[in-house]
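Spelled out from the first residue to the last, the chains are:
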Amino acid sequence: MNNALLRIQGLRTYFYTEEGVVRAADGVDLEIFPGETLGLVGESGCGKTVTAKSILRLIPDPPGRVVEGSVFFEGRDLLKLDRRSLRREIRGNRISMIFQDPMTSLNPVYTVGEQVSEAFRAHRRIGRARALRESVEILGRVGIASPERMVREYPHRYSGGMRQRAMIAMALACRPALLLADEPSTALDVTIQAQILELMKHLREEFQTSILLITHNLGVVAEMADRVAVMYAGQVVEKCGVERFFDGPAHPYATGLLHSFPGMARRAGRLDPIPGSIPDMVRPPEGCRFHPRCRKALPRCTENPPPVTRLEEGHLVRCWLYE
Amino acid sequence: MEKRSMFGIVFRRLVRRKTAVFGLLVFFLMVLVAFLADLIAPYGPNEMLEGMQYRPPSFAHPMGTDMLGRDVLSRVIHGARVSLGVGIVSMVAASLVGIPLGIISGYYRRWVDQILMRVVDLMLAFPVFLLAIMIMVVLSPSASNVAVALTIVYIPRYARLVRGVVLSIRENEYIEAVRALGIRPWRIFLFHILPNCIAPVMVLVTISVGVAIIAEASLSFLGMGTQPPTPSWGSDLREALTTMELNPWLGIFPGLAILLTVLGVNLLGDGLRDAIDPRLKQ
Amino acid sequence: MLRFILRRLLALIPTFVGITLVVFIMIRAIPGDPILTILAEDYSEELAQEYRQKMGLDRPVVVQYLIWLKGMVTGDWGNSLISQEPVIREVAKRLPVTLELLVLALAFAVVFSVPFGVISAVKPNSMPDHTLMTVSMLGISLPEFFLGALLLIVFALKLQWLPATSFVPLSGGLFENLRHMLLPAVTLGSARMAMFTRLIRNSMLEVVRQDYIDTARAKGLSEWLVINKHALKNALVPTVTVIGLQIGYLIGGAIIVESLFALPGIGSLGIDSILQRDYPVVQAFVIVSATGFLLANFAVDIVYTFLDPRIRVR
Ligand SMILES: Nc1ncnc2c1ncn2[C@@H]1O[C@H](COP(=O)(O)OP(=O)(O)OP(=O)(O)O)[C@@H](O)[C@H]1O
Ligand SMILES: [Mg+2]
């Protein structure tokens, strides 16, 4: 089990705000194996983006800070790596990231070609002209029509789907081992979503890239992921293979997620949303963080945080029910 | 009730910032000095002391005396009247005229708006200080005319601001709903539109008072504003200039008075803007 | 692009006509009979009548305005009542001085405010940030004439490093010219520098929160590139608009600074003519200043479109 490409252990990322300390990631354990796609799911605000950004140390400081934990990648702890190596060897090179909203993730005042070129030039000693040529090439590969012309355009001339393609091109420029994809299709309309997912699948084969795929959409998970991790209020509450997950997960929150997802609920016969909403991340509930919303809560759930239990090989759950 | 709590929130945010509190204190101190000038000033502003010309600062005259043997401290204290008087009166007057113009323009739109905004645009085509100078060319130079000039200069700025607010409120459906209920226009102005204008207007007033104070002092410095012997920081500095190398206190103290007052007003304005619109704050 | 600029330029004409109208009204609104001023001691009823006819003052106001406007546009600006010289010649002589002062002051303000604003924004609430914000707040609150007077006394009179109220034109050598322009330009530029520093800081703080900054960092770009390439250019877009508005203050400040340092520019010409009631010169001063402001805003508009590709036309 020590052959993980990326291993996050006990990650705690806090934001120090006027309202108090927001514990956005509060003891996250995750691992991604070579070549696999891990789906990270959970309600809005549970800390998915923060976890992904923590990997590349993109948390804005102030107000945020990674206060504890380790992120081992290819034998090194990224959280302890010097800034220079992190920049030169990791960011955009071995690990890339694409963001939720393609409308805002490209810089409006530079041409797309310039921005994609930068990804090449940050990691390889090549000239402007060469980088631009390679940009044309890779933009073509991600399905931008007439890339020779489009490299010279500014992002506002691109549609949402095209921008996300450009983002993917930028991310894959240096053939990274790991791609952090933060809801890459959420902001797009359905047909474009499908195209982007198709493209990612295709490129995953071609580039042999592992993917951390963050999403709300369990349909996307079913489509893309090998394994699933469920996050709740800054912690991973369940990790298992994708079949196991759709067959019926162990954690009541994961079950709730599954039942509240329209596509899945049709099979179960009814839509069944989880009552209540995500807790205040400044003062999370005592004991199990999910207990105020949990139908199966036991007395001890309100008192002590549940331990992580291993149900079978590769299936972990953080719940008192399985103790 | 609703409104009081809004002011309460703004005030609490305001006093949380040290610089804003400092600005508030300085401003109130200066207003107090201006009101009580006759009581605090050790001498009359134009009282010439026999044989006391060009005395450097001393215990009896903390800011020295000028070429006519007048006590500089007393002149600086009385100068606060002109400075703050012109600054505050002109901005309050400009907002009192500008707000209704802006509301009318934004509410009725069409030709009223067209004409008003043409005039406003034309006035905004002149730099603030140039427009003030132009008006002072027509009026005779005096403190009260400076106030008139600055009022005229700022009316279009308030009208423009308020019009913007009104247009954005109009987008809100509830004004349409209120209108559909057959409520009279003046009630709509008074109870629905005006309250929304208060915050942005207050911010503009505070920020412009500083500009107005500097404008008054600058006009007086150029000889086009307050005329001697009326004590004014700007014109006192003008008179001090020729001998300032030998008697620096003559210019420095009026200058510092302007700096301190404007600093106070600016800090207050800054704090107020942040308190009203925390989005702008880091 | 050229057509776009031309179109924008044409759109300025109504405003220009408006400006002339305001100036025309202003000059007419001055209390007192201008003939009285012109004729002074030679005044007699017949002579006054003759002058009125000669100057067209007996025609309808609209006609008077049109005649006057034609004169303004064709460069017939009349003679100074004091020196009897053609006004346009005096203005032409003095305009370069004012333009140089404005350019130097603006350059001073921009050159220092950009790095200051960036330094402030990179580490908000740090020591450098607090220092810069305090100093800039003082700078904004300091009137030009007071700062100028202080600089004049310290550097020109006490230390004698720089000349006081004298002037050497560019034709007298660049170095000498700059030596004479340094204090006025710094005086005029300081408040704007302070203001721009704060603007750029706030704008930068807004920009560094944007997603594309994360994108730039995630690519592996150096912090230098992220800040000075990706963030700064975006931060400058809104700043440029405000700089346009601030040029109005700069023009107003130039009037004061020229008077204080006795620079032979348009501003000091204006003030002198106002104090001497030399109205042909006054109206030229106002029209030239307001038109300059109009053109400056136009230039800023063009720069703005150049910076922001979203509104660029092709
Ligand atoms: N810059 C910040 N300052 C303060 N709090 C922050 C900041 N960034 C994130 N947070 C907090 O961290 C928590 C987790 O946010 P995160 O963006 O990781 O959620 P998410 O799971 O990605 O949600 P979504 O599905 O909506 O993207 C939230 O409570 C959020 O308020
Ligand atoms: Mg997110």
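(A) Inspection of the environment of Tyr-54 of chain B at higher detail. Residues and elements named next belong to chain B. Along the chain, Tyr-54 turns up in the loop between helix 3 (37–40) and helix 4 (72–108). Expressed as a C-alpha distance, the spacing of Tyr-54 and Leu-250, which sit 196 residues apart in the sequence, is 8.5 Å. Every residue in contact with Tyr-54, bar those within four places of it in the chain, is listed here: Thr-65, Asp-66, Met-67, Thr-243, Asn-247, Trp-249 and Leu-250.

(B) View of the sheet that holds strand 7 (residues 178–182) of chain A. Residue and element names in this part refer to chain A. With respect to topology, eight strands assemble into an open sheet ordered 6-7-8-3-9-10-12-11, the strand pairing being mixed. Lying at the two open borders of the sheet, with one neighbouring strand each, are strand 6 (95–98) and strand 11 (308–312). For this sheet, the mean inter-axis angle between neighbouring strands, taken without regard to orientation, is 20°. Pairing between strand 11 and strand 12 (residues 315–318): four bridges, direction antiparallel. When the sheet's bridge partners are listed, Glu-312 is paired in strand 12 with His-315. Together, strand 3 (37–41), strand 7 and strand 8 (210–214) form the strand contacts of helix 7 (residues 190–207), whose direction differs from that of strand 8 by roughly 155°. Together, strand 3, strand 9 (227–232) and strand 10 (235–241) form the strand contacts of helix 10 (residues 252–259), whose direction differs from that of strand 9 by roughly 105°.

(C) Region of interest: the sheet that holds strand 1 (residues 6–17) of chain A. Residues and elements named next belong to chain A. Spatially, four strands are ordered 2-1-4-5 in an open sheet, and the strand pairing comes out antiparallel. Looking at strand neighbours, the two that pair on one side only are strand 2 (20–32) and strand 5 (76–77), the edges of this open sheet. Note: strand 4 (residues 64–73) against strand 5, two bridges, orientation antiparallel. In the sheet register, Phe-72 faces strand 5, and the bridge partner there is Asp-77. Packing of helix 1 (residues 48–55) onto the sheet brings it into contact with strand 1, strand 2 and strand 4, and relative to strand 1 it is tilted by some 110°.

(D) Up close: helix 4 (residues 128–141) of chain A. All names here are of chain A. Taking 1.5 Å of rise per residue, the 14 residues of helix 4 would be expected to cover 20 Å, and the 20 Å separating its terminal C-alpha atoms lies within 8% of that figure. Of all the positions in helix 4, only Ala-131, Glu-134, Ser-135, Val-136, Ile-138 and Leu-139 are classed as buried. Residues of helix 4 that are buried in the fold lie against helix 3 (112–121), helix 5 (147–150) and helix 6 (160–172). Gly-143 sits one or two residues past helix 4 and shows a positive phi near 90°.

(E) Examining the site of ligand 1 more closely. All names here are of chain A. Neighbouring ligand 1 are 17 residues; Ser-44, Gly-45, Lys-48, Thr-49 and Val-50 lie closest to it. Between ligand 1 and the protein, one listed contact pairs an oxygen atom with a backbone N or O atom of Cys-46 at 3.2 Å. One of the side-chain nitrogen or oxygen atoms of His-216 is found 3.0 Å away from an oxygen atom of ligand 1. Elements that contribute at least two residues to the shell around ligand 1 include exactly strand 1, strand 2 and helix 1. Residue classes in the shell around ligand 1 are distributed as seven nonpolar, seven polar and three charged.

(F) Seen up close, the domain arrangement of chain C. All names here are of chain C. Splitting chain C by domain gives domain 1 (2–74) and domain 2 (88–313). Relative to domain 2, the C-alpha centre of domain 1 lies at a distance of 33 Å. Domain 1 puts 15 residues into the contact, and the matching count from domain 2 is 14 residues. The contact between domain 1 and domain 2 buries some 1500 Å² in all, and 85% of this surface belongs to carbon and sulfur atoms. One salt bridge connects Arg-8 with Asp-301, and the closest N-O pair in it is separated by 2.8 Å. Linking domain 1 with domain 2 are two residue pairs in polar contact (both at pLDDT 80 or more), by the criterion used here. Mapped by element, the contributors of at least two residues to the side of domain 1 that touches domain 2 are helix 1 (2–10), helix 2 (13–29) and helix 5 (61–74). With seven residues, the top contributor of residues to the side of domain 1 that touches domain 2 is helix 2. Its residues placed into classes, the side of domain 1 that touches domain 2 shows twelve nonpolar, two polar and one charged.

(G) Summary view of the interface of chain B and chain C. Contact residues are listed per partner, giving 39 residues for chain B and 44 residues for chain C. Between the two partners, chain B and chain C, sit one salt bridge. Where chain B packs against chain C, one counts two residue pairs in polar contact (both at pLDDT 80 or more). Element by element, the count of residues in the side of chain B that touches chain C is highest for helix 11 (residues 249–276) of chain B, at eleven residues. Here the side of chain B that touches chain C is composed, by residue class, of 29 nonpolar, seven polar and three charged.

(H) Focus on the pairing of strand 3 of chain A. Residues and elements named next belong to chain A. Counting buried positions along strand 3 yields five of five residues, so the element is predominantly enclosed. Side-chain alternation along strand 3 places Thr-37, Gly-39 and Val-41 on one buried face and Leu-38 and Leu-40 on a second face that is also buried. Of the pairings in the sheet, the one linking strand 3 to strand 8 comprises four bridges and is parallel in character. Within the sheet, the bridge partner assigned to Gly-39 lies in strand 8 and is Leu-213. In terms of strand pairing, strand 3 meets strand 9 through four bridges, oriented parallel. Note on strand 9: the bridge partner recorded for Gly-39 is Val-228.

(I) Representation of the packing of aromatic side chains in the model. Per the stated rule, a full pass over the model turns up twelve aromatic pairs over all chains. Three or more aromatic residues joined by ring pairs make a cluster, and in this case those are Tyr-232, Tyr-253 and Phe-290 of chain A. The ring of Tyr-154 of chain B carries Arg-157 of chain B above its face, with NZ or CZ at 5.7 Å from the centroid.

(J) Up close: the nonpolar core. Core analysis: the biggest nonpolar cluster contains 148 residues, and Ile-133 and Ile-193 of chain B together with Val-286 of chain C have the highest contact counts within it. No other element matches helix 13 (residues 279–307) of chain C, which puts 16 residues into this core. Among the domains, domain 1 (2–74) and domain 2 (88–313) of chain C are the pair contributing at least three residues each to this core. Those residues in contact with Ile-193 of chain B that sit more than four places away from it in its chain are Ile-103, Tyr-107, Val-166, Ile-169, Ile-175 and Ile-188 of chain B. Counting 75 residues, the second largest nonpolar core, distinct from the first, contains Ile-8, Val-142, Leu-212 and Ala-229 of chain A.

Thresholds applied
- Residues numbered from 1 in each chain as written.
- Chains lettered and ligands numbered in written order.
- Predicted model: local features only at pLDDT ≥ 70, side-chain atom pairs only at ≥ 80, totals over all residues.
- Heavy atoms only, no water.
- Helix = DSSP H or I, 4+ residues; strand = E, 2+ residues; numbered from the N terminus.
- Contact = heavy atoms within 4.5 Å.
- Pairing = 2+ DSSP bridges.
- Axes fitted to C-alpha atoms, helices over the stretch in contact; angles between N-to-C directions.
- Expected span 1.5 Å × (residues − 1).
- Buried < 20%, exposed > 50% of the residue type's maximum accessible area, 1.4 Å probe, protein only.
- Near = heavy atom within 4 Å.
- Polar contact = N/O pair within 3.5 Å; in protein donor to acceptor, adjacent residues only side chain to side chain.
- Nonpolar A, V, L, I, M, F, W, Y, C, P; charged D, E, K, R; others polar.
- Domains from an automatic or database assignment.
- Buried area = accessible area lost by both parts, 1.4 Å probe.
- Salt bridge = Lys/Arg side-chain N within 4 Å of Asp/Glu carboxyl O.
- Phe/Tyr/Trp six-rings, centres within 6.5 Å; stacked < 30°, edge-to-face > 60°.
- Lys NZ or Arg CZ within 6 Å of the ring centre and 35° of its normal.
- Core = buried A, V, L, I, M, F, W, Y, C linked by side-chain atoms within 4.5 Å.

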